Amino acid sequence: MCIIAVGNDHTAFPIRKEIIGFLENELSCQVIDMGTDSEDSTDYPIYARKVGLEVLKGKADMGVLICGTGVGVSMAANKIQGVRCAVCYSVEVARMARRHNNANILAFGARTQKVELIKQCLRAFLEETFEKGRHERRINLIRQIEQEQEESDGGY
Ligand code: RB5
C-alpha cells in the first residue's frame, strides 16, 4: 500500500477532504494528514517542509502538496535535498513526472486547478513506474548539484 503524506495551506481547505478521501477510497492509499485543516491564513512553507521531511525519512512513499497555485509549495519542498517535487497541471505531466523524473512529491493549485484534474493527475502518477536508465543518470546529476552546494558551503 502506498503511504502518502498530504499537506496544504488555507487555499486548499475547501478541497483537501475530497482529495484525501479520493486517495484513501479510490486509490487505496494510506494518508498521513499533515494539515492545515483550517481556512485561517497560514504559510505554505510550513507544510512543504513537513511533507518533504516525512518523505525523506521514509515515513511516506510520496507527498502531495497543495497551495493556491502549487508554485510556492513546490519551491519550498525542492529546497530539501532529495525531494523532487513536480507541479502537475496536466495528466501528461503527472505521468512523465513519474516515468522520467521519479518525482516523490506532487504539487497542485487549489485556486488554479479543478479538483477533478488533481484526482486524474494523482491516478495517472500512481499508475506509472520510473523508467530508470538514462533518467536515473539525470537524477544522479541533480543529486550531484545538491552535493556540490553542500560541499561549497554556499560559496559558489
Ligand atoms: C496564498 O495566498 C498563496 O500565495 C499561496 O497559497 C500560494 O499560491 C503560493 O505560491
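Residues numbered from 1 in each chain as written. Predicted model: local features only at pLDDT ≥ 70, side-chain atom pairs only at ≥ 80, totals over all residues. Heavy atoms only, no water.

1. Looking at the overall build of the protein
When helices and strands are counted, the protein shows six helices and five strands. Walking the protein from its N terminus toward its C terminus, one meets helices and strands in the order β-α-β-α-β-α-β-α-β-α-α. A compact globule built from 156 residues would reach a C-alpha radius of gyration of about 15 Å, and the protein, at 15 Å, matches this within 12%. With respect to the three principal axes, the spread of C-alpha positions in the protein is 45 × 35 × 25 Å. Expressed as a percentage of its 156 residues, the buried residues of the protein come to 46%. For the protein, the exposed surface amounts to about 8300 Å²; the carbon and sulfur share of it is 48%. A distance of 4 Å separates the average location of the 20 positive side-chain charges in the protein from that of its 22 negative side-chain charges. (Helix = DSSP H or I, 4+ residues; strand = E, 2+ residues; numbered from the N terminus. Rg over C-alpha atoms; globule rule 2.2 N^0.38 Å. Buried < 20%, exposed > 50% of the residue type's maximum accessible area, 1.4 Å probe, protein only. Areas by Shrake-Rupley, 256 points an atom, 1.4 Å probe, with all protein chains shown as cover. Lys, Arg positive; Asp, Glu negative; His and termini not counted. Charge placed at Lys NZ, Arg CZ, Asp CG, Glu CD.)

2. A word on the pattern of salt bridges
By the definition in use, this model includes ten salt bridges. The shortest N-O distance in the salt bridge between Arg16 and Asp37 comes to 3.2 Å. Pair noted here: Arg16 is in helix α1 (residues 13–26) and Asp37 is in the loop between β2 (30–33) and α2 (44–56), with a separation of 21 residues, a long-range link. In this structure Arg16 comes out as buried when scored by relative accessible area, which is 1%. Residue class for Asp37 comes out partly exposed when judged on its relative accessible area of 46%. Residue Arg143 is joined to Glu146 by a salt bridge in which the shortest nitrogen-to-oxygen separation is 2.7 Å. One end of the pair, Arg143, and the other, Glu146, are both in helix α6 (residues 134–152), three residues apart, so they sit about a helical turn from each other. Judged by relative accessible area, Glu146 falls into the buried class, the value being 13%. (Salt bridge = Lys/Arg side-chain N within 4 Å of Asp/Glu carboxyl O.)

3. Quick word on the environment of Asp153
By the element assignment, Asp153 lies in the segment after α6. As a C-alpha pair, Asp153 and Ala107 span 46 residues in sequence and 29 Å in three-dimensional space.

4. Brief notes about the site of the ligand
Taken together, Asp9, His10, Thr11, Tyr44, Cys67, Gly68, Thr69, Gly72 and Arg111 make up the full set of residues adjacent to the ligand. Between Asp9 and the ligand, the recorded distance is 2.5 Å, taken from a side-chain N or O atom to an oxygen atom. In this structure, an oxygen atom belonging to the ligand sits 2.8 Å away from a main-chain N or O atom of Gly68. Its free accessible area being 290 Å², the ligand has 70% of it covered by the protein chains. (Near = heavy atom within 4 Å. Polar contact = N/O pair within 3.5 Å; in protein donor to acceptor, adjacent residues only side chain to side chain.)

5. Side note on α1
Three- or four-residue spacings in an α-helix give side chains the same orientation, since the helix completes a turn every 3.6 residues. In a regular helix each residue adds 1.5 Å, so 14 residues correspond to 20 Å; α1 covers 20 Å between its end C-alpha atoms and thus fits that length. Listed in full, the buried residues belonging to α1 are Ile15, Arg16, Ile19, Ile20, Gly21, Phe22 and Leu23. In this structure, the buried residues of α1 make contact with β1 (3–8), β2, β3 (62–67) and α5 (115–127). Just downstream of α1 lies Ser28, where phi reads positive at about 55 degrees. (Expected span 1.5 Å × (residues − 1). Contact = heavy atoms within 4.5 Å.)

6. Things to note about the nonpolar core
Counting 27 residues, the largest nonpolar core has Leu23, Leu106, Phe108 and Leu122 as the members making the most contacts within it. The set of elements that each furnish at least two residues to this core consists of β1, α1, β3, α4 (91–99), β5 (105–109) and α5. In this structure Leu23 touches Ile4, Val6, Ser28, Cys29, Val31 and Leu122, once residues within four positions along its chain are discounted. (Core = buried A, V, L, I, M, F, W, Y, C linked by side-chain atoms within 4.5 Å.)

7. With respect to the packing of α4 against α5
The packing of two helices is summarised by the inter-axis angle and the distance between the axes. Contact geometry of α4 with α5 gives a least axis separation of 8 Å together with a crossing angle of 30 degrees. If you check the angle between α4 and α5, you find them roughly parallel. Relative to α5, α4 is oriented so that their crossing is right-handed. Residues Val91, Ala94, Arg95, Ala97 and Arg98 of α4 form the contact with α5, whose participating residues are Leu117, Gln120, Cys121, Ala124, Phe125, Leu126 and Glu127. For the contact of α4 with α5, the class distribution of residues is eight nonpolar, one polar and three charged. (Axes fitted to C-alpha atoms, helices over the stretch in contact; angles between N-to-C directions. Parallel < 35°, antiparallel > 145°, perpendicular 65-115°, else oblique. Left-handed = near helix turned anticlockwise from the far one by under 90°. Nonpolar A, V, L, I, M, F, W, Y, C, P; charged D, E, K, R; others polar.)

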